[in-house]
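Summary of the model geometry
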Amino acid sequence: MQAQPQGPAAASSPAVPCDKPVYLTFDTGHMGVAPLIVDTLKRFDAKATFFLAQEPTIDGGQTLDDKWAPWWKQLAGEGHDFGSHTWFHDTWTADLPDGRLRFRRAAGEQVPQTVMLSPAEYCEELKRPARRFAEMTGRPMSMIFRAPAGRTSPALLAAAQACGFRHVGWSAAGFLGDELPSDKYPNLALLEQALRRVKPGDILMAHLGIWSRQEPWAPAVLEPLLQGLKSKGMCFAPLRDHPDYAAWMRKPQEAVALKPASAPGASGAAGPKDALKR
């Protein structure tokens with residue numbers, strides 16, 4: 001990690017070039033551990049990328065509702081990156097002969113539904129988090145997205161590209177396992193595996209809370225993971241510094257212009273989080 005001290009002194013110390021970066025990314029979840037994750041990032045002066053969907057929260061709300069809006073606004077002001085995770089957390093399952101896409105709509109503990117979307121309707125799924133983010137923070141969202149479960153097809157990627165979005169997956173070693181059952185994949189095993197496998201340049205992926213995991217992954221694993229990677233000389237950079245995405249994310253932001261005839265706000269049902277989505 002970055003050769004900077006932890007704690008308050010880090011804010012005043014000069015920046016050190018990040019020549020062995022890893023890229024932390026988090027998908028929305030039940031949000032019960034979200035403040036703890038962000039506090040941990042602050043202690044390591046680490047920037048991350050957050051992919052936003054409108055999901056149910058552990059307190060009965062939704063990830064992008066008015067209660068969480070100030071939190072997202074503060075986070076945006078701290079220099080993190082943000083992308084879309086689709087509005088209803090729709091996981092691709094098939095391309096249909098008529099050109100539509102089939103999805104499993106699920107988030108949290110809700111009962112999954114099967115939905116079919118045209119390419120234009122899928123674009124709307126990507127745009128809604130971007131509009132809501134701009135409404136909450138006054139800032140544009142980067143034109144990047146992560147498909148739930150990382151599941152895509154050429155047709156899905158073409159639909160996203162047609163409305164200006166580029167997909168971001170994760171590295172093989174970057175799957176941190178926080179959505180796996182803790183009886184089979186305890187925190188210590190996940191930590192040791194990540195410390196063995198993660199290398200500079202990897203994109204890491206975890207969540208802001210997983211409903212099905214009995215032993216919370218964060219911050220129990222996140223903090224020693226960041227410390228361990230730092231001790232190996234690695235540092236934490238935002239996706240806007242990643243060689244595959246830097247030029248794309250420097251393009252003029254388009255998200256604030258993604259206005260439909262009537263832009264939706266934070267209302268609407270949230271798609272349930274798929275507990276074992278990878």
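Please refer to the structure higher up on the page.
Residues numbered from 1 in each chain as written. Predicted model: local features only at pLDDT ≥ 70, side-chain atom pairs only at ≥ 80, totals over all residues. Heavy atoms only, no water.

Notes on the overall build of the chain
When its secondary structure is counted, the chain shows eight helices and 10 strands. Sorting the 278 residues of the chain into buried and exposed places 55% on the buried side. Restricting the contact set of the chain to residue pairs at least 6 apart, pairs at least 24 apart contribute 77%. Within the structure as shown, the chain displays about 11600 Å² of accessible surface, and the carbon and sulfur contribution to it stands at 55%. (Helix = DSSP H or I, 4+ residues; strand = E, 2+ residues; numbered from the N terminus. Buried < 20%, exposed > 50% of the residue type's maximum accessible area, 1.4 Å probe, protein only. Contact = heavy atoms within 4.5 Å. Areas by Shrake-Rupley, 256 points an atom, 1.4 Å probe, with all protein chains shown as cover.)

Focus: the pattern of salt bridges
Across all of its chains, the model carries 12 salt bridges by this definition. The salt bridge involving Asp59 is made with Lys67; its shortest N-O contact spans 2.3 Å. Its relative accessible area of 41% is what places Asp59 among the partly exposed residues. Looking at Lys67, the relative accessible area reads 57%, which means it is exposed. The shortest N-O distance in the salt bridge between Asp202 and Lys199 comes to 3.2 Å. A relative accessible area of 48% places Lys199 in the partly exposed class. (Salt bridge = Lys/Arg side-chain N within 4 Å of Asp/Glu carboxyl O.)

Here's the deal with the packing of helix α6 (residues 187-197) against helix α7 (residues 222-231)
The N-to-C vectors of α6 and α7 enclose an angle of 25°; their axes lie 10 Å apart at closest approach. Taken together, α6 and α7 sit at an angle that is classed as roughly parallel. Of the two elements, α6 crosses α7, and the hand of that crossing is right-handed. Contacts from Leu191, Ala194 and Leu195 in α6 reach Pro224, Leu225, Gly228 and Leu229 in α7. A class-by-class count of the residues in the contact of α6 with α7 yields six nonpolar, one polar and no charged. (Axes fitted to C-alpha atoms, helices over the stretch in contact; angles between N-to-C directions. Parallel < 35°, antiparallel > 145°, perpendicular 65-115°, else oblique. Left-handed = near helix turned anticlockwise from the far one by under 90°. Nonpolar A, V, L, I, M, F, W, Y, C, P; charged D, E, K, R; others polar.)

Some thoughts on the state of the cysteines
Disulfide: a covalent bond connecting the sulfur atoms of a pair of cysteines. In total, this model carries one disulfide according to the counting rule given. The residue that forms a disulfide with Cys123 is Cys163, at a sulfur-sulfur distance of 2.3 Å. Between Cys123 and Cys163, the disulfide has an S-S torsion of -95° and is therefore left-handed. One end of the pair, Cys123, is in helix α4 (residues 119-137); the other, Cys163, is in the loop between α5 (154-162) and β8 (166-167), with 40 residues separating them in the sequence. Cys163 carries the same exposure label as Cys123, and that label is buried. (Disulfide = S-S within 2.5 Å.)

Considering α6
Listed in full, the buried residues belonging to α6 are Asn187, Leu190, Leu191 and Ala194. Mapping the buried residues of α6 onto a view down its axis gives an arc of 100°, with all of them on the same face. Along α6, exposed side chains directed more than 90 degrees from the buried face belong to Leu188 and Arg196. In this structure, the buried residues of α6 make contact with α7. (Arc of directions from axis to C-beta.)

Brief notes about the pairing of strand β3 (residues 81-84)
In β3, alternate side chains face the same way, and those of Asp81 and Gly83 on one face and Phe82 and Ser84 on the other are all buried. For strand β2 (residues 48-52) and β3, the ladder comprises four bridges, and the chain directions are parallel. Of the residues in β3, the one forming a bridge with Thr49 is Asp81. The parallel pair β2 and β3 is bridged by helix α3 (residues 69-77), and the resulting crossover is right-handed. (Pairing = 2+ DSSP bridges. Right-handed = clockwise from strand over helix to strand, strands pointing away.)

Comments concerning the side chain of Arg213
Summarising the element assignment, Arg213 is placed in the loop between β9 (203-207) and α7. A relative accessible area of 6% means that Arg213 is categorised as buried. Here Tyr185 takes part through its backbone oxygen, which lies 2.7 Å from a polar atom of the side chain of Arg213. Only 2.9 Å separates the side chain of Arg213 from the side chain of Asn187, close enough to count as a polar contact. When neighbours within four sequence positions are excluded, Arg213 is seen to be in contact with Gly177, Asp178, Leu180, Pro181, Ser182, Tyr185, Pro186, Asn187 and Leu190. (Polar contact = N/O pair within 3.5 Å; in protein donor to acceptor, adjacent residues only side chain to side chain.)

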